[in-house]
Each structure stands twice: as structure tokens, then as C-alpha cells.
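# Understanding the architecture of this molecule
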Amino acid sequence: MPELPEVEILVRHLRPLIHGKTVRGINVRRSKVLAPTSLRKFRQVLLGAKFTGLERRGKYLLFQLRAQAGSVTLLGHLGMTGRIYLARKSSPLPRHAAVVLDLGRKNFIYEDTRYFGRLTLDSSAVDKLGPEPLAGSFDRPAFAQALKRSRQAIKIKLLDQTLIAGVGNIYASEALYRAGVPPRLPAKKLTGAQITRLLQAIREVLIEAVECGSTLPLDFGGEKSDGLFYFGRAPEAAGNYAERLRVYGRAGRPCPVCGGLIKRFRQAARSTFYCPRCQRS
DNA sequence: AACGCCGCCTGATCGC
DNA sequence: TGCGATCAGGCGGCGT
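Note that the structure is predicted; figures quoted are calculated from it, not measured. Once a new chain begins, its residue numbering starts again from 1 and follows that chain's sequence as written. In the order they appear in the text, chains get letters beginning with A and ligands get numbers beginning with 1. Residues qualify for local features only when their pLDDT is at least 70, as the model is predicted, and side-chain atom pairs are given and counted only at 80 or more; totals for whole chains, interfaces and linings, by contrast, use all residues. To get the side-chain values, take all heavy atoms of the structure and skip hydrogens and water.

### Here we look at the nonpolar core
Basically, it comes down to this: Among buried residues, those of type Ala, Val, Leu, Ile, Met, Phe, Trp, Tyr and Cys that are joined through side-chain atoms within 4.5 Å constitute a nonpolar core. When accessible area is computed with a 1.4 Å probe and restricted to protein chains, residues below 20% of their type maximum are described as buried, those above 50% as exposed, and intermediate ones as partly exposed. Think of it this way: any DSSP run of H or I at least four residues long counts as a helix, any run of E at least two long counts as a strand, and we number them from the N terminus. Residue contacts follow a heavy-atom distance rule, with two residues in contact if any of their heavy atoms lie within 4.5 Å.
One finds Phe42, Phe63 and Phe108 to be the most contacted residues of the largest nonpolar core, which totals 34 residues. Counting residues per element, this core draws most heavily on helix α1 (residues 4–18), at five residues. When sequence neighbours within four positions are dropped, the list of residues in contact with Phe108 reads Ile18, Phe51, Phe63, Ile84, Tyr85, Leu86, Val99, Val100, Leu101, Leu103 and Leu119.

If you want it as C-alpha cells, here you go:
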């Protein structure tokens, strides 16, 4: 599923492709993904608008456009299964295409199998986000204080986007493993050393994934023959990305460090993977 | 205020 | 073979 690194890669890829393009037509096939923006307003604001920039914040994509009314932000979130890419107009629309923007030579496709994602003019969600884990200005004391106030398991806290923006289920397990922190440990029980290791591990995991993911367009689709950018498909299509994961999805297989078996259990209705031997307090 | 839990969605997979 | 049950999970909203 798309987390910070996947969105970062997508943003870098899309930015030059959409820059300067004008929205000439709008085809909304699932108005639910626009919420809370109405279909009428979405069309009214975006028709004729021109893409001027694209940024990432957490797992969100922030498209900047110049519209009649002035500058507007189009907020994208890929949810679990969302994808955004440019496709030839002659390409058949995918089954779950939710929004199609006519950019002239190509179509901007936002598709989402489960429709958990969003493409909306309401960008208020980003105001609630915590700091960017890769920013130099990351506030460690604030992070430590937030942990001190919570009895919740650290794994669950890492998924809280108001604490750190962009960490999802996969990288939460990976970061805890690398930091040697047990996922069930209550947040307030982490020592200063563990917090330091955890923050470092989060950065490492995310940076590594971005570097790894940056090779994705070369491995499949990308700017190749069909001009599509496929993304977040089956793990085997994701090149060496999946191989880099050390615990996620590897229950019953040996820990790369100690050789013990990786365990899986459920936390807040989500899978957590860890090494019982390497992750102890 | 913090926290647990549900609903939203579809497709893959499993058991009978 | 067919079909219902289960699982996958980001996140908003709601109840405690």
C-alpha cells in the first residue's frame, strides 16, 4: 500500500509530466472520492485550470493549480489501492477509474479499486498531520512527549498521522524491527535510547525505500512503451522493493539477523510482523 | 482526552 | 463447481 516513500516517488515522477497542463475535461465516475467537495464545485473550479506544482505531505499529494478564481490546491490520497498516472486517450479506462482529467494529449487517471482514497478540493486534512519524518526540523522532544502521554502500543502510535506523517503499516513494522523495539511496548515505556533508535530507524527505512523505489519506473511500465506508470501493483512487480523488507509479510521465515522465526499478530485489526528475539525491552 | 471499534470498499483466497 | 466467509487496511467518525 502506498506510504510516504511510494507517494514521494509518485510525486517526483508526476511533477514534470503534469506541469503546465490544462484541465480540458473532467469525467468523474465515482463522486464519492471527491468528498466533501461536490461534483458541481469540483468541475466548476478545475475546468480550465492549469497545473503549476506538485508536493507531498505525509501520504498526501498536493497538486497546485491556477484557476480562474486564483490558486487552488487539489488534494490526493491513494488510500489502500489508489493509483495516479497519465495514459493515452486511446487506452481503455480501467474498471475502477474514479476520476479522469483530460489534459490534452493524455488523460490524468485516478483509479482506486476500493475507493478508500480521495481526490478533493478540501485540503484541511494536511493541517492535522504531524511532522515530516525526513525533515531536518523534526521535533524530537515533541515526539518523546507525545509518547510519554500514551499507554498505547508503540506500533499503533506509529500509525498515528498526527504524531509522524507518512508511516504506514509496512514501515511501522520495519522500523520497529530495525530499532529492536517490541511492537507491543506501551509508548510511555520507551527509553530515551529506544526513542532515538526508533526515529533513526524510521528515517533509514523511509530513505532506503525512496532510493529503492526510485528505480521502479525502470523496472516496469514507467516511461516505457505504453507511457503508463504502474505503481503499487503486486509485490513481485515492485522490483527489489519487496525484497528489502526484513519482517513485513515474512511470518514463519527466518529473521535475517538471528535466524529465529518471524512472528505475526494482530494489533488494532492490522498485521504486525516482528522478531521476538531481536525485539525485546 | 485518549482510545477502541466500526464502516467504507473490492478482490483474492479458503473451507465446505 | 459454487458459494459464503474471511482477510487485506487508511482513516473519519462515533461512543465510552
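Once the structure has been displayed, the description carries forward.
### Quick look at the protein's contact with DNA strand B
Stated formally: Nearness is defined per residue: one heavy atom within 4 Å of the molecule or strand is enough. Polar contacts, as used here, are pairs of N or O atoms within 3.5 Å; protein pairs need one atom able to donate a hydrogen and one able to accept it. Residues neighboring in sequence count only if both atoms are side-chain atoms.
In the neighbourhood of DNA strand B, 13 residues make up the surrounding shell, with Arg30, Lys32, His96, Arg151 and Gln152 lying closest. Counting only the atoms of DNA strand B within 4 Å of the protein, the fraction contributed by sugar and phosphate is 75%. The separation between a phosphate oxygen of DNA strand B and a polar main-chain atom of Arg151 is 2.9 Å.

### With respect to helix α2 (residues 39–46)
Short version of the rule: The arc refers to the directions leading from the helix axis to the C-beta atoms.
Those residues of α2 not exposed but buried are Phe42, Val45 and Leu46. Down the axis of α2, the smallest arc covering the buried residues is 85 degrees, so these residues share one side. Residues Arg40 and Gln44 are exposed on α2 and point more than 90 degrees away from its buried face. Looking at the buried positions of α2, the neighbouring elements they touch are β1 (25–28), β3 (60–67), β4 (70–77), β6 (97–102) and β8 (118–120). Positioned one or two residues after α2, Gly48 has a phi angle of 90 degrees, which is positive.

### Describing the pattern of salt bridges
We apply this condition: Counted as salt bridges are all cases of a side-chain nitrogen of Lys or Arg within 4 Å of a carboxyl oxygen of Asp or Glu.
Within this structure, the stated rule accounts for nine salt bridges. Residue Glu55 is joined to Arg15 by a salt bridge in which the shortest nitrogen-to-oxygen separation is 3.8 Å. You can see Glu55 sitting in strand β2 (residues 50–57) and its partner Arg15 sitting in helix α1, a full 40 residues away along the chain. Overall, Arg15 belongs to the partly exposed group, its relative accessible area being 33%. Arg57 is the salt-bridge partner of Glu132, the closest N and O atoms lying 3.0 Å from each other. Placement of the pair is Glu132 in the loop between β8 and α3 (140–148) and Arg57 in strand β2, with a sequence separation of 75 residues. Residue classification places Glu132 among the buried residues on the basis of a relative accessible area of 15%.

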